[in-house]
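Listed here are the chains, written in short residue letters.
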Amino acid sequence: MSGIKDIADDFLSLFLPRLCLACRARLVTGEEVLCTECLVSMARTDFHLRRDNSLEQAFWGRCMVERAAAFSVYNRGSRIRHLIQALKYDGRKDIGKIMGELYGSILVRSGFMDTIDLIVPVPLDLMRQKKRGYNQSECIAAGIASASCLHVRNDILYRTGRSGSQTKRGRYERWENVEGLFAVRSYDVISGKHLLLVDDVITTGSTIEACVNALAATGDVRVSVVALAAAQKLTL
Ligand SMILES: [Zn+2]
């Protein structure tokens, strides 16, 4: 029967082609989200399998992070960069959910999620969220939640004020820019819990650092971090 179904799926895809999210090639039976070539060639960090990986080391001395992992490596021309840019700037919320589900299922299978209690996305600047209509980290978090059967809380962590664009700032300036900009509400919900903080890309780690420090200031919480991608310099 599955053979007939495969033939039927392939036949239907002639009319409604499912396309690879990264390269737009037509997906064939057995491929989901990304074509085999993109899946194979997308640089994976596999950080979820390695304690003390270079992303975790990037937070040493800055904030208390239990574990940190990123699905892929973010650099100029990388396939994950195309996906994340479409997620952020082309209204493609579905990419966040789908990639979150894909990465979430990898994390679940490896045991990375075993002690996580609650998923918390990094909040977006309110003005930017209003303009974009959504927070891409919430989309990714929703995908990870669906793969792991955990809950997401979008209301725990919030921004206290508006920060300027960070794209042209150096690391020190970025830290100045984000420190103190996050705060936490509903302490009782996170007390004693292990939280999974979710972001789209980790470039310097300063946003994560500020979020983790805001969460840690409430006392009894542990925080792990995941993102769809991390800048190449954090993954070497
Ligand atoms: Zn592809």
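Everything numeric here is computed off the predicted structure, so don't read it as measured data.

Caption draft 1: Structural detail: the overall build of the protein chain. Each helix and strand counted, the protein chain has 10 helices and seven strands in total. Counting only residues that meet the buried cut, the protein chain has 40% of its 236 residues in that class. Nonlocal contacts in the protein chain, meaning residues at least 24 apart in sequence, comprise 73% of its contacts between residues at least 6 apart.

Caption draft 2: Representation of the sheet that holds strand S1 (residues 68-74) in the model. Ordered in space as S1-S7-S6-S2-S3, the five strands form an open sheet in which the pairing is parallel. The open sheet is flanked by S1 and strand S3 (151-152), the only strands paired with a single partner. The strands touched by helix H10 (residues 206-216) are strand S6 (194-202) and strand S7 (222-231); relative to S6, the strand with the most contacts, the crossing angle is about 165 degrees.

Caption draft 3: View of the nonpolar core. One finds Ala 70, Leu 197, Cys 211, Leu 228 and Ala 229 to be the most contacted residues of the largest nonpolar core, which totals 62 residues. When residues no more than four places from it in sequence are discounted, the contact partners of Cys 211 are Val 122, Leu 157, Phe 182 and Leu 197.

Caption draft 4: Molecular detail of the pairing of S6. Judged by how many residues are buried, S6 sits mostly within the fold: eight of nine residues are covered. Summarising the sheet, strand S2 (residues 118-121) and S6 pair through four bridges and their orientation is parallel. Bridging from a neighbouring strand, Ile 119 pairs with Leu 196 of S6. Examined bridge by bridge, S6 and S7 share eight bridges and lie parallel to one another. Looking across to S7, one finds that Leu 197 is bridged to Val 225. A crossover links S6 with its parallel partner S7, the connecting element being H10, and its sense is right-handed.

Caption draft 5: Looking closely at helix H4 (residues 79-89). For H4, the set of buried residues is Arg 79, Ile 80, Leu 83, Ile 84, Leu 87 and Lys 88. Buried residues along H4 cover an arc of 165 degrees about the axis, so they all sit on one side. Where H4 is buried, its residues touch helix H2 (36-41), S1, helix H5 (93-110), helix H7 (136-148), S6 and S7. Downstream of H4 by a residue or two, Gly 91 has a phi angle that is positive, lying close to 70 degrees.

Caption draft 6: Layout of the packing of H4 against H5. Across the interface, H4 lies against H5 with an axial gap of 7 Å and an inter-helix angle of 135 degrees. One element, H4, and the other, H5, form an angle in the oblique class. Contacts between H4 and H5 involve Leu 83, Ala 86 and Leu 87 from the former and Ile 95, Gly 96 and Met 99 from the latter.

Caption draft 7: Spotlight on unusual backbone geometry. A positive phi angle, close to 70 degrees, is found at Arg 24, a residue other than glycine. Within the element layout of this structure, Arg 24 appears in the loop between helix H1 (2-15) and H2. Its identity is not glycine, yet Asp 52 carries a phi of approximately 60 degrees, on the positive side. Among the structural elements, Asp 52 can be located in the loop between H2 and helix H3 (54-59). In this structure Asp 52 comes out as exposed when scored by C-beta crowding, with 10 C-beta atoms within 10 Å.

What counts, and where the lines are drawn
- Throughout, residues of each chain are indexed from 1 in the direction in which the sequence is written.
- Note on the predicted model: pLDDT of at least 70 is required for a residue's local features to be given, and 80 or more for side-chain atom pairs to be given and counted; whole-chain, interface and lining totals, by contrast, use all residues.
- To qualify as a helix, a DSSP run of H or I must reach at least 4 residues; to qualify as a strand, a run of E must reach at least 2; elements of each kind are numbered from the N terminus.
- Around each residue's C-beta, the other C-beta atoms within 10 Å are counted; 20 or more make the residue buried, 12 or fewer make it exposed, and counts in between make it partly exposed. All C-beta atoms are placed from the backbone.
- Contact between two residues is assigned whenever their backbone-derived C-beta positions fall within 7 Å.
- Strands are treated as partners if at least two bridges between them are detected by DSSP.
- A fitted line through C-alpha atoms serves as each axis, taken over the contacting stretch for helices, and the angle formed by two N-to-C directions is quoted from 0 to 180°.
- Put simply, a nonpolar core is buried Ala, Val, Leu, Ile, Met, Phe, Trp, Tyr and Cys residues tied into one set by C-beta atoms within 7 Å.
- For the handedness criterion, the strands are oriented away from the viewer, and a crossover whose path from the first strand over the helix to the second runs clockwise is classed as right-handed.
- To obtain the arc, one takes the directions from the helix axis to the C-beta atoms.
- The scheme is simple: roughly parallel for angles under 35 degrees, roughly antiparallel for over 145, roughly perpendicular for 65 to 115, oblique for anything else.

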